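# Observations on the three-dimensional arrangement
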Amino acid sequence: MHSSVDYSLSKLTAGSYGYALLSIICSPKPKKFWEITFASAERGWIVPALHESHATSSSPGEFASKLTALPILILNVHSRCNCRCVMCDIWKRETNEQIKAEDLERHRLSIHSLGVRHVVLTGGEPLLHSDLTALCNFFREQNIRLTLLTTGLLLLKRADDVSTLFDDVILSVDGPREVHNAIRRVNGAYELIQRGITAVRQQSPHLPIACRTTVQKANHRHLRATVTAAKMLGLDSISFLAADLTSEAFNRPLVWPSERQSEIALNAKEAAALENEIERLIVEHADDIHNRYIVETAAKLRRIPRRFREHLGQASPESPACNAPWVSAVVEVDGSVRPCFFHRTIGNLNSSTLEEVVNGETAQTFRQSLNIATNPTCQRCVCSLNQRPEVGEFP
């Protein structure tokens, strides 16, 4: 069953980088994951869209080092992936691990005391999980909202589960048919997604299904065609973000060497082509931007090429205004916990409870010393979180 309460915007309170700072009221209108679905009916938290503006004030000590609430929990629930994407190394994993419901039972009290209200299942591919129902029911019993991040290749096979277990779904769509299949390196991937969406829609017509496109060398000239493809697939919205080139995330034990980065990054000529593509996207799809079918504003879209310009040394790196380490945590399939996708681990759920990890000495020291504006990892971030709770809800 889906959560009985959804959320809508009430007002814009501020503006800053990866997400606009918004407050919400409860209403029966569903929203997309990267707009506002990181929300709590009890606490009024939300997570808006990607790529807003750069950091203006992010000095150490700006936020409390000890967390009293953790509204967002992101779980990498399965180690394997059924794609072979050119911009990701997760599919190279040789292990076959998964987070099980029984693994989380000892953390039930922490999840409650920290006020976790939204859980995002990612991986690897979550739909490869052998007991997805039990895992999802563990959170459903606690009235926690569930979002599925998926390649979409198993939507057809697992349409029953997807339509009943999740509150919204986000697919990876990298371009129109030929471009998507080439990037995913799976024959018929686009066609499988198409059939899967149809199967899920037949069972749950109103389940929000959106897509996200990672912009990189192989698709930077095809953004307008990708929007058209998303509409043909019957998706509710599309969001764009730049490819991550320099972190240790996504199963990279070491930062990619420059040769590997160049396979995904844009050269100066390609960056110019992307800028042109985005300007044409803004003009030709003005209504889609206005209506939020394209989640990003024109200003946010124009910041995507900047990340590639920064990589080329043609622009100075700018950190997002982000509070991810204070409002969320990422749990890897081996139990290790990160303050976000890109920073290093702060503990492990196999040896400590969730609350012990996020409020342990390592975690508190990290948050207390983190200067987002000057931190090199933050300066290279392509996907940040900046969540502003209601007054009095967050230190």
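The rules behind each value
- Residues numbered from 1 in each chain as written.
- Predicted model: local features only at pLDDT ≥ 70, side-chain atom pairs only at ≥ 80, totals over all residues.
- Heavy atoms only, no water.
- Helix = DSSP H or I, 4+ residues; strand = E, 2+ residues; numbered from the N terminus.
- Contact = heavy atoms within 4.5 Å.
- Expected span 1.5 Å × (residues − 1).
- Buried < 20%, exposed > 50% of the residue type's maximum accessible area, 1.4 Å probe, protein only.
- Polar contact = N/O pair within 3.5 Å; in protein donor to acceptor, adjacent residues only side chain to side chain.
- Axes fitted to C-alpha atoms, helices over the stretch in contact; angles between N-to-C directions.
- Parallel < 35°, antiparallel > 145°, perpendicular 65-115°, else oblique.
- Nonpolar A, V, L, I, M, F, W, Y, C, P; charged D, E, K, R; others polar.
- Core = buried A, V, L, I, M, F, W, Y, C linked by side-chain atoms within 4.5 Å.
- pLDDT = per-residue confidence, 0-100.
- Pairing = 2+ DSSP bridges.
- Right-handed = clockwise from strand over helix to strand, strands pointing away.

## With respect to the environment of Ile289
The topology assignment puts Ile289 in helix H11 (residues 286–290). Between the C-alpha atoms of Ile289 and Leu301, which are twelve residues apart in sequence, the distance is 10.0 Å. The contact partners of Ile289, leaving out residues within four places of it in the chain, are Leu281, Ile282, Ile294, Glu296, Thr297, Ala298 and Leu301.

## Quick word on helix H10 (residues 268–284)
A rise of 1.5 Å per residue sets the reference length of H10, with its 17 residues, at 24 Å; its end C-alpha atoms lie 24 Å apart and thus fit the reference within 8%. Three or more residues of H10 are buried, namely Glu270, Ala271, Ala273, Leu274, Glu277, Ile278, Leu281 and Ile282. Along its buried surface, H10 packs onto strand S7 (209–215), helix H8 (223–232), strand S8 (238–242), H11 and helix H12 (298–311). The backbone nitrogen of Lys269 has a side-chain oxygen 3.1 Å away, supplied by the residue at the start of H10, namely Asn267.

## Overview of the packing of helix H6 (residues 177–184) against helix H7 (residues 189–203)
The geometry of H6 relative to H7 is characterised by a closest axis approach of 7 Å and an angle of 110° between their N-to-C directions. Taken together, the axes of H6 and H7 are roughly perpendicular relative to one another. Between H6 and H7, the residues in contact are Arg177, His180, Asn181 and Arg184 and Ala189, Tyr190, Glu191, Ile193 and Gln194, respectively. Its residues assigned to classes, the contact of H6 with H7 comprises three nonpolar, three polar and three charged.

## Some remarks on the nonpolar core
Within the largest apolar cluster, 93 residues are counted, with the highest numbers of intra-cluster contacts made by Phe139, Leu171, Leu235 and Phe240. With sequence-adjacent residues up to four places away left out, Leu235 is seen in contact with Leu171, Val173, Ile197, Arg201, Ile209, Ala210, Cys211, Ala230 and Tyr293.

## Here we look at unusual backbone geometry
Not every positive phi belongs to a glycine, and Asn143 is a case in point at roughly 55°. For Arg292, which is not glycine, the phi dihedral falls at a positive 70°. Note that Arg292 resides in the loop between H11 and H12.

## Notes on the confidence of the model for the protein
Of the residues in the protein, 74% reach a pLDDT of 70 or more, and the chain-wide mean stands at 80. Ignoring residues within four places in sequence, the model shows residues 390–395, a span with pLDDT below 50, making 14 contacts including any to other chains.

## Concerning the pairing of strand S4 (residues 118–123)
For a regular strand, side chains alternate in direction, first toward one face of the sheet and then toward the other. Most of S4 is tucked away: six of the six residues are buried. Alternating positions in S4 separate into two faces, His118, Val120 and Thr122 on one and Val119, Leu121 and Gly123 on the other, with burial throughout. Of the strand pairs in this sheet, strand S3 (residues 72–78) and S4 are connected by six bridges, and their pairing is parallel. Looking at the pairing, Leu75 lines up with Leu121 of S4. Here S4 runs beside strand S5 (residues 145–150); their pairing, made up of four bridges, is parallel. Each residue of the ladder has a partner; that of Val120, found in S5, is Thr147. Handedness of the crossover is the feature at issue here: the chain leaves S4, passes through helix H4 (residues 132–140), returns alongside S5, and the resulting connection is right-handed.

## Some remarks on the side chain of Gln142
The topology assignment puts Gln142 in the loop between H4 and S5. Not counting the four nearest positions on each side in its chain, Gln142 is found in contact with Arg108, Ile111, His112 and Arg117.

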